[in-house]
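# Inside the fold
Spelled out from the first residue to the last, the chains are:
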Amino acid sequence: MLTPMRNLLLLLFASTAFTALAQKQISPQQIQAFDAYVEAARKDWQVPGLSITVVKDNKVIFKKGYGVRELGKPERVDTQTLFACASTTKAMTVALMGILVDEGKIAWDDPVSRYLPELKLYDPYVTQALRIRDLLIHDTGVGGTDFMTGAMTIPVNEMFRRMELVKPSYPFRAGFAYQNTFYSAAGRIIERIEGKTWAEAIRERIFLPLGMNRTAPKRGYIKDGNLTKPHYNINDTITVIDYGADSEVGSAGAVWSSADDISKWVICMLDSSKYSGGRLLKPQTWAEIFTPQTFFPEDEYPTMQLLKPNWRTYGLGWYQHDYKGRKVNFHTGSLSGLTAITGQLPDEKLGVFIFGNYDHAELRHALMYKAFDWFALGGTRDWSTEFKELYSKIKQEEKQAKANADAKRVLNTSPTLPLDQYAGTYNSPLYGKANISVSGNRLVANINDNTLIATLPHWQHDVFYGPYRKAWYGKAKARFNLSSSGKIESLIFDGMEFRKE
């Protein structure tokens, strides 16, 4: 049994050791070894280009660009190269909302209907009970609605109108389902309060004060060519793909930045939102952003299988969990062909931001935890190797699951009707319009005026299955349902149901 004095001595020793670790200078050799680790890992994961910055104690201790902006071209990534922040933008939108909270223009628990009456949900009670806070923590009961940007091109107000048609995935405030449309709603509320676009507001209220002069609220604002291109693995070949459209839901994930610029944001968020000219947020508002608001499930990130945290929460625009006895705040960002991740160890005043130009290259997770170990917590785990094995296993399991599903195909069947009877226009108040035409012995699906196009050979019975025109979208499956009279009644295209005119 330990005496009180013994306890005190142990605490003093632990505190002294911790302080010594925190104050230890980063040596040039340590920087060089980390640099070599990053480059070796990038090559191992076959990421064409990435950019990374690490900050500690309000200073940038490491930043560098690796690889190329675009495969097949010589231009190298540097610390000025612009990448997509994607959903790490959400934390910026939250900070912008926090500024309005500090100014007394809004409160976290104000009803959304006060500012955005056109946003109505499946249940009138939920519509009335919905708070600003709910828009930011993915707890509304409404599952993902990314089809509103991926399968159609509609203005944001039309997205809000259609939300009433989306069936809930779970009861209100009784779970977690990632939701981009509600961050769009947060951005639209900011616009109505500020009397200017979200893009203008975030530039004026965050980017300019922090000196982030190269950061763009949307890709369309970029004025020079030092930006990366997105890449995707198509048929086992890493290929340059098209940029996605500058989204209507900009406040959910549209910002582009560079390692140089994003360093200023990382330092600001670590240092209670302070910057050289003042602070973005009052201390209590900054603290509220990082206060756990809800839980997120383990399967949200496969990395949790190896990290095995004791707890997992979500703040306002930040995922959170414990790591080696410390609190981690982090968030990923993913667009087609582009990735980002930001993470911080607030107790160690350590932050990291990593950009990549290869779709869902989860090297980002490995480099974040390696930076935590390397520059603060110690440890020798090779996160790159471990996470690569994890994600390779997941990819193999997905391939096997697809092979198993394909094996269940009923061979030597024919469509119930002649192909021309499947052609026509199909409508949905939620999903829009699908036009089906015949090309040779195949169907062609055109969803919402060329937003999605797929060529569909016959698969089995009344199911057709084939590639999207944009190969990185994969393959589409269309199932036609017939009425009792034998006429085509509806189409289910990749989970979206349309009724035939």
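Cut-offs applied
- Residues numbered from 1 in each chain as written.
- Predicted model: local features only at pLDDT ≥ 70, side-chain atom pairs only at ≥ 80, totals over all residues.
- Heavy atoms only, no water.
- Domains from an automatic or database assignment.
- Contact = heavy atoms within 4.5 Å.
- Buried area = accessible area lost by both parts, 1.4 Å probe.
- Helix = DSSP H or I, 4+ residues; strand = E, 2+ residues; numbered from the N terminus.
- Axes fitted to C-alpha atoms, helices over the stretch in contact; angles between N-to-C directions.
- Parallel < 35°, antiparallel > 145°, perpendicular 65-115°, else oblique.
- Nonpolar A, V, L, I, M, F, W, Y, C, P; charged D, E, K, R; others polar.
- Core = buried A, V, L, I, M, F, W, Y, C linked by side-chain atoms within 4.5 Å.
- Buried < 20%, exposed > 50% of the residue type's maximum accessible area, 1.4 Å probe, protein only.
- Expected span 1.5 Å × (residues − 1).
- Bend = angle between axes of the 7 residues up to and from the residue.
- Pairing = 2+ DSSP bridges.

### A look at the domain arrangement of the protein chain
Along its sequence, the protein chain is carved into domain 1 (28-398) and domain 2 (419-500). Taking the mean C-alpha position of each, domain 1 and domain 2 sit 34 Å from one another. Counting residues at the interface gives 14 residues for domain 1 and 12 residues for domain 2. Across the domain 1/domain 2 interface, buried area totals approximately 1100 Å², and carbon plus sulfur atoms make up 68% of it. When residues of domain 1 are sorted by the area they lose upon contact with domain 2, Phe 147, Ala 151 and Leu 165 head the list and together hold 35% of the total. Contributions of two or more residues to the side of domain 1 that touches domain 2 are made by helix H6 (147-150), helix H7 (156-162) and strand E4 (231-234). The biggest single contributor to the side of domain 1 that touches domain 2 is H6, with 3 residues.

### Some remarks on the packing of helix H3 (residues 89-102) against helix H9 (residues 198-210)
Here H3 crosses H9 at 75°, and the two axes come no closer than 10 Å. Classified by the angle their axes make, H3 and H9 are roughly perpendicular. Along its contact with H3, which presents Thr 89, Met 92, Thr 93, Ala 95, Leu 96, Ile 99 and Leu 100, the element H9 presents Trp 198, Ala 201, Ile 202, Arg 205, Ile 206 and Phe 207. Per-class residue counts for the contact of H3 with H9 are 10 nonpolar, 2 polar and 1 charged.

### What about the nonpolar core?
Leu 119, Leu 135, Ile 206, Trp 265, Phe 480 and Phe 493 are the most contacted members of the largest nonpolar core, which totals 139 residues. Domain assignment of the residues forming this core places at least three in each of domain 1 (28-398) and domain 2 (419-500). Ignoring sequence-local partners within four residues, the contact set of Leu 119 consists of Val 112, Thr 127, Leu 130, Leu 135, Phe 160, Met 163, Phe 182 and Ala 185. Within the second largest apolar cluster, 7 residues are counted, among which are Ala 84, Ile 222, Leu 227 and Trp 256.

### Examining H9
Under the 1.5 Å per step criterion, the end-to-end length of H9 is 17 Å for 13 residues, consistent within 8% with the ideal 18 Å. Its axis deflected by about 35° at Glu 204, H9 carries its strongest bend there. Every buried residue of H9 is accounted for by Trp 198, Ala 199, Ala 201, Ile 202, Ile 206, Phe 207 and Leu 210. Those residues of H9 that are buried are in contact with H3, helix H8 (181-194), helix H10 (250-253), helix H11 (259-270) and strand E7 (274-275). The first or second residue beyond H9 is Gly 211, which carries a positive phi of 75°.

### Quick notes on the environment of Ile 447
Structurally, the position occupied by Ile 447 is in strand E17 (residues 442-447). The exposure class assigned to Ile 447 is buried, which follows from its relative accessible area of 0%. Put simply, Ile 447 and Pro 309 are 138 residues apart on the chain and 42 Å apart in space, counted from C-alpha to C-alpha. If near-sequence neighbours (up to four positions away) are discounted, Ile 447 is found in contact with Ala 151, Lys 433, Ala 434, Leu 452, Phe 493 and Phe 498.

### Some remarks on the pairing of strand E11 (residues 319-323)
Burial analysis of E11 places 5 of its 5 residues in the buried class, which makes it a mostly covered element. Here E11 shows two buried faces, one formed by Tyr 319, His 321 and Tyr 323 and the other by Gln 320 and Asp 322. Direction of pairing for strand E10 (residues 312-314) relative to E11: antiparallel, over a ladder of 3 bridges. By the bridge assignment for E11, Arg 312 is matched with His 321.

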